[in-house]
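# Observations on the model geometry
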Amino acid sequence: MRTFDVTARSRRGGLSTCNVPADNAGEAVALVRSLAPTDATDVTAYAVYRQRRVRGRRLVGLFAGPGADGGPAGVREPRRPRPAPPGLEVHAIPPTP
């Protein structure tokens, strides 16, 4: 198992860090979330760092906290309506006398 540092950022700007032994970064975040009290919904993001012996710690990944819906990214109204598709009208050629 490896050692990960999981830093939780709250809405108020506070940081809390835990050292967690886990196999991967996702498991480390799941372990920290399971240890947190059930009413702790003010966490917005988790930053996971890999603890290394020689070169210190390295960022492994960022995870959204509970209740994060991703925001309004990619959901936007069109600026103007799309043009109507061209009609399939048939024009008759008038007969010649």
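These remarks concern the structure in this document. The model shown is predicted, which means the values in this text are computed figures rather than measured ones.

## A short note on the overall build of the chain
- Helix and strand counts for the chain stand at one helix and four strands.
- Looking at the chain residue by residue over its 97 residues, the buried ones come to 19%.
- Residue pairs at least 24 apart in sequence account for 37% of intrachain contacts in the chain once pairs closer than 6 positions are excluded.
- Of the roughly 8300 Å² of accessible surface on the chain, 55% is carried by carbon and sulfur atoms.

## Here's the deal with the packing of aromatic side chains
- One pass over the full model with this rule turns up zero aromatic pairs.
- It is Arg57 that lies over the ring of Tyr49; its NZ or CZ is 3.9 Å from the centre.

## With respect to the sheet that holds strand 4 (residues 57-64)
- Read from one edge of the open sheet, four strands run 2-1-3-4, paired in antiparallel fashion. Of all the strands in the sheet, the pair left with one neighbour each is strand 2 (15-22) and strand 4. Pairwise comparison of adjacent strand axes, ignoring direction, gives a mean angle of 25° for this sheet.
- Where strand 1 (residues 2-10) meets strand 3 (residues 43-51), seven bridges bridge the pair, whose relative direction is antiparallel. In the strand pairing of strand 3, Val6 is matched with Val48.
- Helix-sheet contacts for helix 1 (residues 25-35) involve strand 1, strand 2, strand 3 and strand 4, and the interaxial angle to strand 2 is about 120°.

## Comments concerning the nonpolar core
- One finds Phe4, Val6, Ala8, Val20, Ala22, Ala25, Ala28, Val29, Val32, Val43, Tyr46 and Val48 forming the largest nonpolar core, which totals 12 residues.
- Listing elements by their share of this core, those giving two or more residues are strand 1, strand 2, helix 1 and strand 3.
- Broken down by element, this core gets its largest block of residues, four residues, from helix 1.
- Residue contacts for Ala8: discarding those within four places in its chain leaves Gly14, Leu15, Ser16, Val43, Ala45 and Tyr46.

## Some points on the environment of Ala45
- Within the element layout of this structure, Ala45 appears in strand 3.
- Residue class for Ala45 comes out partly exposed when judged on its relative accessible area of 27%.
- Sequence spacing of Ala45 and Phe63 is 18 residues, and the spatial spacing of their C-alpha atoms is 5.7 Å.

## Structural notes on the side chain of Thr7
- In this structure, Thr7 sits in strand 1.
- Of the polar contacts made by the side chain of Thr7, one reaches the side chain of Thr17; its length is 3.4 Å.

## Thoughts on the pattern of salt bridges
- A complete count under the given rule lists one salt bridge for this structure.
- For Arg57, the salt bridge goes to Asp5, with nearest N and O atoms at 3.6 Å. On the criterion of sequence distance, the pair formed by Arg57 in strand 4 and Asp5 in strand 1 is long-range, its members being 52 residues apart.
- Assessed through its relative accessible area of 42%, Arg57 is described here as partly exposed.

About the thresholds
Residues numbered from 1 in each chain as written. Predicted model: local features only at pLDDT ≥ 70, side-chain atom pairs only at ≥ 80, totals over all residues. Heavy atoms only, no water. Helix = DSSP H or I, 4+ residues; strand = E, 2+ residues; numbered from the N terminus. Buried < 20%, exposed > 50% of the residue type's maximum accessible area, 1.4 Å probe, protein only. Contact = heavy atoms within 4.5 Å. Areas by Shrake-Rupley, 256 points an atom, 1.4 Å probe, with all protein chains shown as cover. Phe/Tyr/Trp six-rings, centres within 6.5 Å; stacked < 30°, edge-to-face > 60°. Lys NZ or Arg CZ within 6 Å of the ring centre and 35° of its normal. Pairing = 2+ DSSP bridges. Axes fitted to C-alpha atoms, helices over the stretch in contact; angles between N-to-C directions. Core = buried A, V, L, I, M, F, W, Y, C linked by side-chain atoms within 4.5 Å. Polar contact = N/O pair within 3.5 Å; in protein donor to acceptor, adjacent residues only side chain to side chain. Salt bridge = Lys/Arg side-chain N within 4 Å of Asp/Glu carboxyl O.

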